[in-house]
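Fold and geometry: a report
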Amino acid sequence: MGRVIVVTSGKGGVGKTTVSANLGTALAMLAHRTVIVDADIGLRNLDLVMGLENRVVFNSLHVMEGECKLESALVKDKRVENLYLLAAPQSRNKDDVDPENMEKMVKQLSEKFDFVIIDCPAGIEQGFQNAVIGAKEALVIVTPEVSSVRDADRVIGLLQATGIESLSYVLNRLSQQLVDRGDMLSQPDVQEILRVPILGVIPEDHHITASTNVGKPLAIEGGTPAGDAFGRIARRVLGEKVPVPEFRYEGKMARFWKWISGNN
Amino acid sequence: MNSRKSILVRGCTGGLFITVDDSIGSEELNDRVMERIRRVGPEIRGESIILEVDKRAMDSDALQSFQMRLNQEFGMSVQQLIAKSDETREAAKELRIRSAPVFTTGRDPQADTVSVPYTLRSGEFKRNPRGNILILGDVNPGAEVSASGDVIVMGTLWGVATAGALGDETAVVISLNMQATQLRIAGHYAYARSPKNSERGLHPEVALLENGEIVVRNFIEFNLLEREVKKSWGGLSS
Ligand SMILES: Nc1ncnc2c1ncn2[C@@H]1O[C@H](COP(=O)(O)OP(=O)(O)O)[C@@H](O)[C@H]1O
Ligand SMILES: [Mg+2]
């Protein structure tokens, strides 16, 4: 049985799809059979980010409703060995998914693959409960913003109540420059609230935008700050002890006060 | 001893706190207390009363007739009886009035404490309208905790805490690391403190009401007992 990892967040637009695509790619490049499932129905864009949009014929709903075989809905990535995509239906809404069917499909996938990465809706959106069903591991994506941390915190609470066994978070879009200026929450600031293990830190990196536009995950080629961070995260998922970069940390109280008072 | 000194009345959030000296005879007790309450003014109608009688012995008939007069004339009732005499407290028990030998900051020593064995995360709200609440973890930003009595957080309090939610002005908020977004005690509010007053790290503090304002004190230095004594004996006047 492969490992099922749901990728979710508190609020939208924090990098779930980006992390799903790149983590999946990085795991596949480390020779693990990996499928990335787009479960963010209606906001389908994983196929775009992975540059596989033109090859999607069937999607997960077709599989769940028995309209096609699982095999025929899996899109094989031609650039990366061992990497597959299962697209989401775009036109249907999230209530169309029957939780039982979802669980069955995820189980089927976990029998075929080493890793099943599920790109989920944000945690307070509809469809979240469906998407996390059958998963034992969750990865919460959070950006160093007060609102993102709050919502991530809430989702962690929800996940802990669903029976997820292993939960960690990824801090995305960290800008050390802003942290140093006292304009952004630092990793310890976020850790102090979330208090679950951190799987990795991904820096703010303009290469992401370009890679999204051309549909080629950064993790395919090394040499970019974010791309390398995804590689490290994949190795941590595999149990390797790769140190999380330590950040310099000063002016903490000043930032904290800004943070608190910004919320009143 | 004149009547001004033998009956003391003060307002507390729950209603009126009335102390009756043992020098007042039992036959004049009802009249004297009613007259004293009348002098407070019409706005106190319907309030509840904490009656303190020192060593006076009252049987249930005496207590009941007192209750009836109170009810007829002011629509009020005795909610709590502070009496040193076992007989008086026994009578209170018969009439289902809460009683205690000494007044302890208005907090009910028998109040239930609800214990929450984990961290409250954003969006979570835990409360105990019937006593105290104990959080064995943090109260994160965006989380809220509330109690009619005290709030005790065995971790960092980032979120919003309300103590004395039903008006108990003696209720306190205690936390190992006080970083609250907002504190509320009996309808009074306080917001996050400025950074220079607050230090990080485990540093137990207590938030309490003093002269209608929420103040935060080092919990170790703060002597709860001393405060209780002041509250119950110092604040009485007519
Ligand atoms: N580390 C990063 N640096 C720069 N841009 C990023 C980073 N992570 C995500 N983005 C950008 O943020 C936007 C939202 O990311 P996406 O993965 O689609 O979020 P979600 O799936 O959570 O809605 C995208 O435009 C993406 O390119
Ligand atoms: Mg997405």
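Residues numbered from 1 in each chain as written. Chains lettered and ligands numbered in written order. Predicted model: local features only at pLDDT ≥ 70, side-chain atom pairs only at ≥ 80, totals over all residues. Heavy atoms only, no water.

**Considerations on the packing of helix α2 (residues 26-40) of chain B against helix α3 (residues 60-74) of chain B**
All names here are of chain B. Put simply, the test is: Angles run from 0 to 180 degrees between N-to-C directions of axes, and those axes are lines fitted to C-alpha atoms, restricted for helices to the stretch in contact. A helix here means a DSSP run of H or I that spans at least four residues, while a strand means a run of E at least two residues long, and both kinds are numbered starting from the N terminus. We call two directions roughly parallel when the angle between them is under 35 degrees, roughly antiparallel when it is over 145, roughly perpendicular when it lies between 65 and 115, and oblique otherwise. Left-handed is the label given to a crossing in which the near helix is rotated counterclockwise from the far helix by less than a right angle, and right-handed is the label when the rotation is clockwise. The contact criterion used is simple: two residues touch if any of their non-hydrogen atoms lie within 4.5 Å. Each residue receives one of three labels: charged for Asp, Glu, Lys and Arg, nonpolar for Ala, Val, Leu, Ile, Met, Phe, Trp, Tyr, Cys and Pro, and polar for the others, Gly being one of them.
The contact between α2 and α3 brings their axes to 10 Å, and the two run at 30°. Judged by the inter-axis angle, α2 sits roughly parallel to α3. In the packing of α2 onto α3, the handedness of the crossing is right-handed. Across the interface between the two elements, L29, N30, D31, V33, M34, I37 and R38 of α2 pack against S65, F66, R69, L70, E73 and F74 of α3. Counted by class, the contact of α2 with α3 contains seven nonpolar, two polar and four charged residues.

**Comments concerning the sheet that holds strand β7 (residues 166-174) of chain A**
All names here are of chain A. Put simply, the test is: The criterion for strand pairing is that DSSP finds at least two bridges linking the strands in question.
Spatially, the eight strands line up as an open sheet ordered β3-β4-β2-β5-β1-β6-β7-β8, and their pairing is mixed. Across the chains shown, the open sheet's two edge strands, defined by having one partner strand only, are β3 (74-76) and β8 (198-203). Geometrically, the sheet is characterised by an average inter-axis angle of 20° between neighbouring strands, direction not taken into account. Taken together, the five bridges between strand β1 (residues 3-9) and strand β6 (residues 137-142) define a ladder with parallel strand orientation. Paired with V6 across the strands is A138, a residue of β6. Set on the sheet, helix α9 (residues 187-194) makes contact with β6, β7 and β8; between it and β7 the angle comes to about 150°. Here helix α11 (residues 225-237) sits on the sheet and contacts β1, β5 (115-119), β7 and β8; the angle it forms with β8, its principal contact strand, is near 170°.

**Digging into α2 of chain B**
All names here are of chain B. Put simply, the test is: Helix span is expected to be 1.5 Å times the residue number reduced by one. Only protein chains enter the accessibility calculation, which uses a 1.4 Å probe; a residue is then buried when its area is under 20% of its type maximum, exposed when over 50%, and partly exposed in between.
When the terminal C-alpha atoms of α2 are compared, their 22 Å separation across 15 residues agrees well with the 21 Å that a helix rising 1.5 Å per residue should span. Restricting attention to buried positions, one finds in α2 the residues L29, N30, R32, V33, M34, R36 and I37. After α2 finishes, the residue G41 shows a positive phi value of roughly 125°.

**Observations regarding the packing of helix α7 (residues 146-162) of chain A against α9 of chain A**
Residues and elements named next belong to chain A. Two elements in contact, α7 and α9, have axes separated by 10 Å at closest approach and are oriented at 35°. Every pair of crossing elements has a handedness; the one defined by α7 and α9 is right-handed. For the pair α7 and α9, contact is made by V149, A152, D153 and I156 and by V190, I193 and L194, respectively. Here the residues of the contact of α7 with α9 are counted per class, giving six nonpolar, no polar and one charged.

**Re the site of ligand 1**
Residue and element names in this part refer to chain A. Just so we agree on the cut-off: Any residue with a heavy atom lying within 4 Å of a molecule or strand is counted as near it. Nitrogen and oxygen atoms within 3.5 Å of one another constitute a polar contact, given that in protein one can donate a hydrogen and the other can accept it, and given that sequence-neighbouring residues count only through two side-chain atoms. Where accessible areas are quoted, they stem from the Shrake-Rupley method and a 1.4 Å probe; at the residue level, only the protein chains shown are allowed to cover. Cavities and pockets were defined on a 1 Å grid built from protein atoms only: a cavity is a group of points that admits a 1.4 Å probe but offers it no way out, a pocket is an open group of points flanked by protein on both sides within 12 Å along at least five of seven lines, and a lining residue is one with an atom within 4 Å of any such point. Cavities and pockets are treated as containing a molecule whenever more than half of the molecule's atoms lie within 2 Å of their grid points.
Surrounding ligand 1, one finds 14 residues, the nearest of these being G13, K16, T17, T18 and N172. Between ligand 1 and the protein, one listed contact pairs an oxygen atom with a backbone N or O atom of K16 at 2.8 Å. Burial of ligand 1 by the surrounding chains reaches 81%, relative to a free accessible area of 570 Å². Structurally, ligand 1 is housed in the second largest pocket. Elements supplying a minimum of two residues to the shell around ligand 1: α1 (16-29), β7, β8 and α10 (207-214). By residue number, the principal contributor to the shell around ligand 1 is α1, which donates three residues.

**Here we look at the pattern of salt bridges**
For the record, the criterion: Only one rule defines a salt bridge in this text: a Lys or Arg side-chain nitrogen within 4 Å of an Asp or Glu carboxyl oxygen.
Tallied over the entire structure, the rule returns 19 salt bridges over all chains. Across the salt bridge formed by R3 of chain A and E137 of chain A, the nearest N and O atoms sit 2.8 Å from each other. Linking R3 of chain A in strand β1 with E137 of chain A in strand β6, this pair joins segments that are 134 residues apart in sequence. Residues K216 of chain A and E221 of chain A are paired through a salt bridge, measuring 2.5 Å at the closest nitrogen-oxygen approach. For K216 of chain A, a relative accessible area of 30% translates into the label partly exposed. Residue classification places E221 of chain A among the partly exposed positions, given a relative accessible area of 49%. The network of salt bridges with common partners includes D31, R38, R69 and E73 of chain B.

Without other data, these values stay purely geometric and don't point to any function.
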